[in-house]
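# Coordinates in review
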Amino acid sequence: QVQVVESGGGLVPPGGSLKLSCAASRSIFRIDDMGWYSQAPGKQRDLVAAITRGGSTNYADSVKGRFTISRDNVKNTVYLQMNSLKPEDTAVYYCKAHLNFRDYWGKGTLVTVSS
């Protein structure tokens with residue numbers, strides 16, 4: 001079983017930055033992969049970025065070059081550094097852990113990009 005808790009969301013102007021955190025209840029090197037997903041009102045939940053146990057990463061085309069996913073195995077935490085934020089990035093961001101063919105979701109953290 002894995003529990004994940006997101007934090008770091010908030011209100012930021014266009015062009016600004018935020019760093020989201022996802023704290024896991026297990027050592028993340030034991031988790032197959034972890035990822036960040038976004039969901040705006042009335043929209044589907046989409047993959048933003050993912051990182052595997054082996055360290056490979058994957059990004060949505062819309063965030064390549066602006067967002068970076070990383071991990072700290074000592075703190076059991078995965079991060080999403082979000083730079084050059086745009087209003088279209090406004091959404092609830094969810095952290096997901098994948099272990100033994102099961103998904104474990106956090107409750108989400110709201111990111112609002114507005115002037």
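Notes on the structure in this doc start here.

Cut-offs and rules
- Residues numbered from 1 in each chain as written.
- Predicted model: local features only at pLDDT ≥ 70, side-chain atom pairs only at ≥ 80, totals over all residues.
- Heavy atoms only, no water.
- Helix = DSSP H or I, 4+ residues; strand = E, 2+ residues; numbered from the N terminus.
- Rg over C-alpha atoms; globule rule 2.2 N^0.38 Å.
- Buried < 20%, exposed > 50% of the residue type's maximum accessible area, 1.4 Å probe, protein only.
- Contact = heavy atoms within 4.5 Å.
- Core = buried A, V, L, I, M, F, W, Y, C linked by side-chain atoms within 4.5 Å.

## With respect to the overall build of the protein chain
Scanning the protein chain for helices and strands turns up zero helices and 11 strands. Of the regular secondary structure in the protein chain, the N- to C-terminal order runs β-β-β-β-β-β-β-β-β-β-β. Taking 115 residues into account, the globule formula puts the C-alpha radius of gyration at 13 Å, and the protein chain, at 13 Å, falls close to it. Expressed as lengths along the three principal axes of its C-alpha atoms, the size of the protein chain is roughly 40 × 25 × 25 Å. Across the 115 residues in the protein chain, those meeting the buried criterion constitute 41%. For the protein chain, the proportion of contacts with a sequence separation of at least 24, taken over those separated by at least 6, is 52%.

## Observations regarding the nonpolar core
Formed by 31 residues in total, the largest nonpolar core has its most connected members in Met34, Trp36, Leu80 and Tyr93. Per-element accounting of this core gives the leading share, five residues, to strand S9 (residues 91–99). Ignoring sequence-local partners within four residues, the contact set of Met34 consists of Val4, Cys22, Ala24, Ile28, Ala50, Ile51, Ile69, Val78, Cys95, Lys96 and Ala97.

Structural measurements only, silent on function.
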